[in-house]
Amino acid sequence: MTEPNGVLLVIGSGLKLYREYLVRSIHRRARSAGLDLVLLNNLKPTWQKKYFDEIVLTNVFDAEVMTAAAREVAARRPIAGLMCWDEPVVLAAGELAVELGVPGLGPDGAVGCRDKYRTRSVLAAAGLHQPGFATVGTADEAMAAAEKIGYPVVVKPRAMGASIGVVLAADAAEVEAAFEVAAGASRAEHAPYGGTAIVEGYAVGPEISVDAAVHKGEYLPMFLARKQSGAEPYFEETGHVVDAADPLLRDRELMDALARAHQLLGVEDGITHTEVRLTDQGPLIIEINGRLGGDLIPFLGLTATGIDPGEVLFDVATGRRPELVPTRESVVGIRFGCPPRDCVIRSVTVPSDTPGLVTASKMVEPGASLRLPPGGYLARHSFVVCEGDDVEACNERLDQAAALVEVDADPLGPPQTGASFVMPAGLLDVDA
């Protein structure tokens, strides 16, 4: 039985557009369990106020500062559980869970999910299908590794998410340029792997992701998304489709590989987002992230299956085995609106009534600068979410809805030579 007036500690809320639906479910479950919600957050609260009993403003991206703030809360309130879905904070949050004695990824699991080189090393050593790979710290090392692995190769940051800094390279010159992009992205993140990159063989095949719960080491898949990506050489994610009845959820080879990978990496408790390429040689795990998926994939899963990822996250964070019982069987997808070139946004208008539309939203305020890779990432001005009876119908409705998005923008000049990549400013995080 949960101790009365215990605390569920949440590290970073994320943006309203991407995470409020999760916080709403967690708040509901916390109330029924008699727990207070305490948020450690780096942003001044707006929409978060109605869900959290206490909000501590602190730099969650500084592990020492964040941990000190969490210890202060723990000194005056019993901690019943801890959760975090912000990629740069996963490692520190995992270590904090161990210190507080609450369910979490575990010390090995947190590092295994955060460090892509460790993921590759552990899975390859156990005989799971993996590409050739190497970690590099200079462009010369990257070119030497690519020659040994064989072209084409992918160059990416050692620890990052959302396909930021990931580049396909077909020769030495492209590898040299790709290393600068990947290392630059790595330096911009709050991680111990700044300036390093991974070179790995390019795996051919469609890409999927699987969000799953892990309870005391038991792997429990929730839903599977089929990924859509932008044009090479970059891998920016432009959309996802979740089919509640996707046959891959019953594919034993895939599910066994996922379960074994989590066991090998020492993942104990939590929710993970695993990206997989479906190759001619079988499923190839690209990476395992120690958090829920981004891009509203959990929302797609909730809408398609009825499985509430916020409730599942609450269960695993507080030591309960979640019951993953689908109550719906539908197909739901998301399509992100991206500009054809770098621009400054004047206005964005999204449709409110089109067949199968679940929701649609602009993602930036007027005046936001959007830069495409490699000058910037996540250059999205809007999204539409649609539902259909099957995958084909869902994609047709996404096409129709996306065509109704109206964007007024001015061209933006090229970034300064040698400038670091930028994330879009002006992302919506308001109560509107």
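It should be emphasised that the depicted structure is a prediction, and the values quoted were computed from it without experimental measurement. (Residues numbered from 1 in each chain as written. Predicted model: local features only at pLDDT ≥ 70, side-chain atom pairs only at ≥ 80, totals over all residues. Heavy atoms only, no water.)

Trainee: I would appreciate a short explanation of the overall build of the protein in the present structure.
Mentor: On a plain count of helices and strands, the protein comes out with 11 helices and 19 strands. Taken over C-alpha atoms, the radius of gyration comes to 21 Å for the protein, in line with the 22 Å a tight globule of 432 residues would show. The principal-axis extents of the C-alpha atoms in the protein amount to approximately 60 × 50 × 45 Å. Relative to its full complement of 432 residues, the protein shows a buried share of 55%. Within the protein, counting contacts between residues at least 6 apart in sequence, those at least 24 apart form 70% of the total. (Helix = DSSP H or I, 4+ residues; strand = E, 2+ residues; numbered from the N terminus. Rg over C-alpha atoms; globule rule 2.2 N^0.38 Å. Buried < 20%, exposed > 50% of the residue type's maximum accessible area, 1.4 Å probe, protein only. Contact = heavy atoms within 4.5 Å.)

Trainee: What is the right way to read the pattern of salt bridges from this model?
Mentor: Side chains bearing opposite charge may pair, as long as their charged atoms lie close to each other. Applying the stated criterion across every chain, the model contains 27 salt bridges. Asp36 is the salt-bridge partner of Arg77, the closest N and O atoms lying 2.7 Å from each other. A residue pair is termed long-range when its members are at least 10 positions apart, and Arg77 in the loop between α2 (63-76) and β4 (79-84) and Asp36 in strand β2 (residues 36-41) qualify at 41 residues. Judged by its relative accessible area of 22%, Asp36 falls in the partly exposed class. We note a salt bridge from Glu99 to Arg71, for which the minimum N-O separation is 2.7 Å. A residue pair is termed long-range when its members are at least 10 positions apart, and Glu99 in helix α3 (residues 90-100) and Arg71 in helix α2 qualify at 28 residues. Residue classification places Arg71 among the partly exposed residues on the basis of a relative accessible area of 45%. (Salt bridge = Lys/Arg side-chain N within 4 Å of Asp/Glu carboxyl O.)

Trainee: What's the story with helix α5 (residues 116-125) in this structure? I'm lost.
Mentor: Of all the residues in α5, the buried ones are Lys116, Thr119, Arg120, Val122 and Leu123. Against the buried residues of α5 lie α4 (107-114), β5 (133-136), β6 (153-157), β8 (197-201), α8 (252-265) and β13 (282-289). Structurally, the start of α5 carries an N-cap: the backbone nitrogen of Tyr117 is 3.0 Å from a side-chain oxygen of Asp115. Directly beyond the C-terminal end of α5, a positive phi value near 90° is found at Gly127. (Polar contact = N/O pair within 3.5 Å; in protein donor to acceptor, adjacent residues only side chain to side chain.)

Trainee: Explain the nonpolar core here, please?
Mentor: Soluble globular proteins: nonpolar side chains tend toward being buried together. In terms of nonpolar packing, the biggest core is built from 42 residues, with Leu8, Ile26, Met83, Ile271 and Leu313 touching the most fellow members. Elements supplying a minimum of two residues to this core: β1 (7-11), α1 (16-33), β2, β10 (218-229), α9 (297-305), α10 (309-317), β14 (331-337) and β18 (382-388). When residues in this core are grouped by element, the largest group, 6 residues, is from α1. Those residues within four positions of Ile26 in sequence are excluded, and the remaining contacts are Leu8, Leu37, Met83, Trp85, Gly310, Leu313 and Phe314. Among the nonpolar cores identified, the runner-up in size contains 24 residues, and Val122, Ala261, Leu265 and Ile285 belong to it. (Core = buried A, V, L, I, M, F, W, Y, C linked by side-chain atoms within 4.5 Å.)

Trainee: Explain the sheet that holds strand β15 (residues 343-349) to me, please; I cannot follow it from the model alone.
Mentor: As a general point, the strands of a sheet are linked pairwise by backbone hydrogen bonds and lie either parallel or antiparallel. Read across the sheet, 3 strands follow the order β17-β15-β19 without closing on themselves; strand pairing throughout is antiparallel. In the strand order of this sheet, the two ends are held by β17 (369-370) and β19 (406-411), each with one partner. Two elements, β15 and β17, share 2 bridges in a ladder whose sense is antiparallel. Along β17, the bridge assignment pairs Val344 with Ser369. (Pairing = 2+ DSSP bridges.)

Trainee: Which parts of the structure should I look at to understand the pairing of β14?
Mentor: One face of the sheet, then the other: side chains in a regular strand alternate in exactly this way. Judged by how many residues are buried, β14 sits mostly within the fold: 7 of 7 residues are covered. Burial along β14 is two-sided: the face carrying Val331, Gly333, Arg335 and Gly337 and the face carrying Val332, Ile334 and Phe336 are both buried. The pairing of strand β11 (residues 237-243) with β14 spans 5 bridges and is antiparallel. Bridged to Val242 within β14 is Val332. Bridging between β14 and β18 involves 7 bridges; their strand directions are antiparallel. Residue pairing across strands places Gly333 opposite Cys386, the latter belonging to β18.

Trainee: What's the story with the side chain of Arg371 in this structure? I'm lost.
Mentor: Along the chain, the position of Arg371 falls in the loop between β17 and β18. From its side chain, Arg371 meets the backbone oxygen of Gly413 in a polar contact 2.7 Å long.

Trainee: Mind showing me how you'd approach α1 here?
Mentor: Along an α-helix, residues three or four positions apart point the same way, because every turn accommodates 3.6 residues. When the terminal C-alpha atoms of α1 are compared, their 24 Å separation across 18 residues agrees well with the 26 Å that a helix rising 1.5 Å per residue should span. Buried within α1 are the following residues: Lys16, Tyr18, Arg19, Glu20, Tyr21, Leu22, Val23, Ser25, Ile26, His27, Arg29 and Ala30. As for α1, its buried residues are in contact with β1, β2, β4, α9, α10 and β14. Following α1 by one or two positions, Gly34 adopts a phi angle in the positive range, close to 75°. (Expected span 1.5 Å × (residues − 1).)

Take it as geometry only, folks, not as evidence of what the structure does.
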